[in-house]
Amino acid sequence: MEKSLKQYCREAKKRLKQGFWQKYQTDLSGKLDKAQKDGYSVSKVKEYYNLQVSGSIKNSDVESQEFYLKVKKILDEEGEISNVISRLTEREYYKTLSYEEQQRYNLDLSERYLKAVERYNKEKALGVNA
C-alpha cells in the first residue's frame, strides 16, 4: 500500500509535534561524543545514524524493530547458530499456512534475519549499542 502525500505530511507533522528531531539531535550528539571518546570514526557513526533515522521514517515499523531485538538477543547470547530460523518462527501462525505459504514465510524470515545480522554487525563495528 502506497501512502498519499497527505499521509506523509501527517506523519511529518506528528514527528515535529512529538519532538522527534530534538531527540534525534541530542541522541546523535551523545553518540558522536561517545564514538570519539572510544576511538571510532565519528563520520561513520553519523552516517550510520542518518541511515537509521531515514529508515525508521520510511518504515516506522515497530514489528521490524522487535524482530531485530530478538535477533540481537540471540546473537549476543549464543552467536550465530544453525537453527535460528526455527527459533524465530511463529509456530501457531506457521501451522495455519499451506505448504507454499510456509516456503514463502521461511524465505521472508531468512531475508529479514540476514538484514538484522547485517545491521547487528554494522552496529558492533561502530561500537553502537541499539
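Preceding block: the structure.
The present account deals with the structure reproduced in this document. (Residues numbered from 1 in each chain as written. Predicted model: local features only at pLDDT ≥ 70, side-chain atom pairs only at ≥ 80, totals over all residues. Heavy atoms only, no water.)

**Focus: the overall build of the protein chain**
- When helices and strands are counted, the protein chain shows seven helices and zero strands.
- Secondary structure elements of the protein chain, listed N to C terminal, follow the sequence α-α-α-α-α-α-α.
- When burial is assessed residue by residue, the protein chain has 24% of its 130 residues classed as buried.
- Taking contacts inside the protein chain between residues at least 6 apart in sequence as the whole, the part at least 24 apart equals 62%.
- In the form shown here, the protein chain has an accessible surface area of approximately 9800 Å², with 52% of it arising from carbon and sulfur atoms. (Helix = DSSP H or I, 4+ residues; strand = E, 2+ residues; numbered from the N terminus. Buried < 20%, exposed > 50% of the residue type's maximum accessible area, 1.4 Å probe, protein only. Contact = heavy atoms within 4.5 Å. Areas by Shrake-Rupley, 256 points an atom, 1.4 Å probe, with all protein chains shown as cover.)

**Concerning the nonpolar core**
- In this structure, Phe67, Val71, Leu75, Leu88 and Tyr113 are the most contacted members of the largest nonpolar core, which totals 15 residues.
- Within the residue set of this core, elements represented by two or more residues are α4 (62-78), α5 (84-88) and α7 (99-126).
- Discounting residues that sit within four places of it in the chain, Val71 has contacts with Leu88, Tyr113, Ala116 and Val117.
- Core analysis: the second largest hydrophobic core is formed by nine residues, Leu32, Ala35, Tyr48 and Val53 among them. (Core = buried A, V, L, I, M, F, W, Y, C linked by side-chain atoms within 4.5 Å.)

**Let's talk about α7**
- Look at α7: 41 Å from first C-alpha to last across 28 residues, which is about the 40 Å you get at 1.5 Å a residue.
- Of the positions making up α7, those classed as buried are Gln102, Tyr105, Leu109, Tyr113, Ala116, Val117, Arg119, Tyr120, Glu123 and Leu126.
- Gly127 sits one or two positions beyond α7 and adopts a positive phi of about 70°. (Expected span 1.5 Å × (residues − 1).)

**Some details on the pattern of salt bridges**
- For the coordinates displayed, the defined rule picks out seven salt bridges.
- Between Glu118 and Lys122 there is a salt bridge; the shortest N-O distance is 3.7 Å. Residue Glu118 and its partner Lys122 are located together in helix α7, separated by four residues, close to a single helical turn.
- Residue class for Glu118 comes out partly exposed when judged on its relative accessible area of 46%. (Salt bridge = Lys/Arg side-chain N within 4 Å of Asp/Glu carboxyl O.)

**Remarks on the packing of aromatic side chains**
- Evaluated as defined, the whole model comprises four aromatic pairs.
- An angle of 85° between the planes, with centres 5.8 Å apart, marks the rings of Trp21 and Tyr24 as edge-to-face. Linking Trp21 with Tyr24, this pair stays in helix α2 (residues 20-38), spanning three residues, or about one helical turn.
- Given the relative accessible area of 14%, Tyr24 is considered buried.
- Ring-pair connections join several aromatic residues into one group, and the members of that group are Phe20, Trp21 and Tyr24.
- A cation over an aromatic ring shows up here: Arg112 above the ring of Phe67, its NZ or CZ 4.1 Å from the ring centre.
- The ring of Tyr68 is capped by Arg119, whose NZ or CZ atom sits 3.8 Å from the centre of that ring. (Phe/Tyr/Trp six-rings, centres within 6.5 Å; stacked < 30°, edge-to-face > 60°. Lys NZ or Arg CZ within 6 Å of the ring centre and 35° of its normal.)

**A look at the environment of Ser86**
- In this structure, Ser86 sits in helix α5.
- Remark: the alpha-carbon pair of Ser86 and Asn106, spanning 20 residues in sequence, is separated by 9.0 Å.

**So, α2**
- Helix length check: α2, at 19 residues, gives a terminal C-alpha distance of 27 Å against a target of 27 Å (1.5 Å per residue), a fit within 8%.
- All of the buried residues along α2 are Tyr24, Leu28, Leu32 and Ala35. Seen end-on, α2 carries its buried residues on one side only, within an arc spanning 65°. Opposite the buried face of α2, by more than 90 degrees, sit the exposed residues Gln22, Lys23, Thr26, Asp33 and Lys37.
- The first or second residue beyond α2 is Gly39, which carries a positive phi of 90°. (Arc of directions from axis to C-beta.)

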